[in-house]
Amino acid sequence: MLCTALGIVLGVMVSLYALFELHYFLRMCLCVVSARYLKKRMHILDTGTVVGLCLTNDIDTLLYHMNNARYLREIDFARVDFYERTSPYRTIRSKGGSVVQGATTIRYRRFIRPFTRFTISSRIVYWDNQSIFMEHRFLGGTDGFIHCIALCRQRVMQCSVEDVMATLLKSGISLQSATKKLPATTTSSTEYLEKVETGTGGGVDTASLAKPDLPPEVAKWLEWNDISSASLRSEC
C-alpha cells in the first residue's frame, strides 16, 4: 500500500516536471511569500534588492558562466519582489487595469561564474501615462561590479499610470510619516499628510516623492521603440 502511494506521488511529480517547469513556479511562490510576509514595505521610488546564486542549472553549454536567458528570468523574480513590497500590481488591479511586459533591453558587461553570488537591484526610473520603466542591475557579490544592466517597460492597460503612481506616491507619504514622529503642531496624521502635500510637513523627504526626470538612455530607447513600431506597422 505504501509503495503504491509513493509510486503515485512520484508519478505525479514526474508528470508535473514533464508538463511544467515546476521549480520555477515553486520559486515564484517563495518570492511572493518572502516579499509579502518576511520583508519590509518599500516606497515606490526606493531601490529593491534580491540576492541570487548561479547554480549548475543556470549555466550554458560552455559550462563556465550563466546562460544569457537566465538573466531575464532572474529579473522576473526581482520584479515580483519589488512589486510585492511596493504594491503597484495591486494598485493597478484595484483600478481595473492590468500590466504586461512591453519591452526589454539588456546589456551584458561581464559574465557571472557558477556558484557565484550576485545581487539584483531594481528601481523605477521613469513613467508616462501608459508605461512604467524599471532598471535592473546585476551586481557582483564581492566587488559590486555591474555585470549586467537591463531596462524593462511595463505596459499598463485599462487605467492611467499617472493615476496609479499618484496613489502609490501618496502611500509613500503615509509610509514615511508612519516611521517619523508627528510634529508638535500637527494634531492628526491626516493633517500631517496635508502639510506634507503642501510642502510644509517637515521631516518627510518630499524630494523623494517627486517623479524622476526622463533619463537620456530611456529617451533614446523610447525613440528606438517608436522607430521599430513604425517600421513594423508599415510591413502589415
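Just above sits the structure.
Parameters at a glance
- Residues numbered from 1 in each chain as written.
- Predicted model: local features only at pLDDT ≥ 70, side-chain atom pairs only at ≥ 80, totals over all residues.
- Heavy atoms only, no water.
- Helix = DSSP H or I, 4+ residues; strand = E, 2+ residues; numbered from the N terminus.
- Buried < 20%, exposed > 50% of the residue type's maximum accessible area, 1.4 Å probe, protein only.
- Core = buried A, V, L, I, M, F, W, Y, C linked by side-chain atoms within 4.5 Å.
- Contact = heavy atoms within 4.5 Å.
- Pairing = 2+ DSSP bridges.
- Axes fitted to C-alpha atoms, helices over the stretch in contact; angles between N-to-C directions.
- Parallel < 35°, antiparallel > 145°, perpendicular 65-115°, else oblique.
- Left-handed = near helix turned anticlockwise from the far one by under 90°.
- Nonpolar A, V, L, I, M, F, W, Y, C, P; charged D, E, K, R; others polar.
- Salt bridge = Lys/Arg side-chain N within 4 Å of Asp/Glu carboxyl O.
- 1 Å grid on protein atoms, 1.4 Å probe; cavity = no way out; pocket = protein on both sides within 12 Å on 5 of 7 lines; lining within 4 Å.
- Points joined across faces, edges and corners; volume = space filled by probe spheres on them.
- Phe/Tyr/Trp six-rings, centres within 6.5 Å; stacked < 30°, edge-to-face > 60°.
- Lys NZ or Arg CZ within 6 Å of the ring centre and 35° of its normal.

Enquirer: An account of unusual backbone geometry is requested, with residue identities and associated values reported.
Expert: Here the phi dihedral of Leu63 falls at roughly 70°; this positive angle occurs in a residue that is not glycine. Relative to the assigned elements, Leu63 resides in the loop between strand S1 (48-53) and helix H3 (68-86). Taking relative accessible area as the criterion, Leu63 reaches 58% and is therefore assigned exposed. In this model, Ser87 sits at a positive phi of 70°, which is unusual for a non-glycine residue.

Enquirer: Go over the nonpolar core with me, naming the residues and quoting the values.
Expert: Counting residues in each nonpolar core, the largest one holds 18 residues, and the members touching the most others are Ile44, Phe82, Ile124, Trp127, Ile132, Val156 and Met165. Of all elements in the fold, only H3, strand S3 (117-127), strand S4 (131-140) and helix H5 (161-178) reach the threshold of two or more residues within this core. Other than its neighbours up to four places away in sequence, Ile132 contacts Ile124, Tyr126, Trp127, Cys152, Arg153, Gln154, Val156, Val161 and Met165. Residues Ile112, Phe118, Phe138 and Cys148 belong to the second largest nonpolar core, which totals 14 residues.

Enquirer: Tell me about the pairing of S3, and please be specific about residues and values.
Expert: Regular strands place side chains that alternate from one sheet face to the opposite one. Judged by how many residues are buried, S3 sits mostly within the fold: 8 of 11 residues are covered. Counting the residues in the hairpin turn of S3 and S4 gives 3 residues.

Enquirer: I'd love a proper account of the sheet that holds S1, names of residues and values included.
Expert: With antiparallel pairing, the 5 strands of this open sheet are ordered in space as S1-S3-S4-S5-S2. Edge positions in the sheet fall to S1 and strand S2 (98-108), since each has one partner strand and no second. The average angle at which neighbouring strand axes cross in this sheet is 25°, direction not considered.

Enquirer: Mind laying out the packing of helix H2 (residues 22-38) against H3, listing which residues take part and the relevant values?
Expert: Contact geometry for H2 and H3: axes closest at 8 Å, N-to-C directions at 30°. Judged by the angle between their axes, H2 and H3 are roughly parallel. Two packed elements cross with a definite hand, and for H2 against H3 that hand is right-handed. The residues of H3 that touch H2, namely those facing His23, Tyr24, Arg27, Met28, Cys31, Val32, Ala35 and Arg36, are Arg73, Glu74, Asp76, Phe77, Val80, Asp81, Glu84 and Arg85. For the contact of H2 with H3, the class distribution of residues is 7 nonpolar, 1 polar and 8 charged.

Enquirer: Describe the pattern of salt bridges, listing the residues and the values that go with them.
Expert: Applying the stated criterion across every chain, the model contains 13 salt bridges. Measuring nitrogen to oxygen at the nearest pair gives 3.6 Å for the salt bridge that ties Arg85 to Asp81. Linking Arg85 with Asp81, this pair stays in helix H3, spanning 4 residues, or about one helical turn. For the pair Arg85 and Asp81, a shared accessibility class is recorded, and that class is buried.

Enquirer: Quick one: what's the story with the layout of surface pockets, residue by residue and with numbers?
Expert: Vacant regions in the atomic arrangement are exposed by a probe of water-molecule size rolled over the atoms. Of the volumes computed, that of the largest pocket is approximately 260 Å³. Around the largest pocket sit 13 residues that line it, and Arg79, Val80, Tyr83, Tyr89 and Val99 are the ones nearest its centre. If you list the elements that add at least two residues to the lining of the largest pocket, you get H2, H3, helix H4 (88-94) and S2. For the lining of the largest pocket, the residue count by class is 6 nonpolar, 2 polar and 5 charged.

Enquirer: If you had to explain the pairing of strand S5 (residues 146-157) to someone new, which residues and values would you point to?
Expert: As judged from the 10 bridges shared by S2 and S5, these two strands associate in the antiparallel manner. Looking at the pairing, Thr104 lines up with Cys152 of S5. Both S4 and S5 contribute to a ladder of 9 bridges, which runs antiparallel. Within S5, the residue paired with Arg137 across the bridge is Ile149. The turn joining S4 and S5, which pair antiparallel and follow one another in sequence, is formed by 5 residues; a positive phi near 75° is taken by Gly144.

Enquirer: Would you mind going over the packing of aromatic side chains in detail, with residue names and values included?
Expert: Tallying each qualifying case throughout the model produces 8 aromatic pairs. Between Tyr64 and Phe111 the ring centres are 5.5 Å apart and the planes differ by 80°, which places this aromatic pair in the edge-to-face class. Of this pair, Tyr64 sits in the loop between S1 and H3 while Phe111 sits in the loop between S2 and S3, and the two are 47 residues apart along the sequence. The partly exposed category is assigned to Phe111, whose relative accessible area is 35%. Linked through ring pairs, Tyr71, Tyr108, Phe118 and Phe138 together constitute an aromatic cluster. A cation sits over an aromatic face here: Arg110 above Phe145, 3.7 Å from the ring centre.

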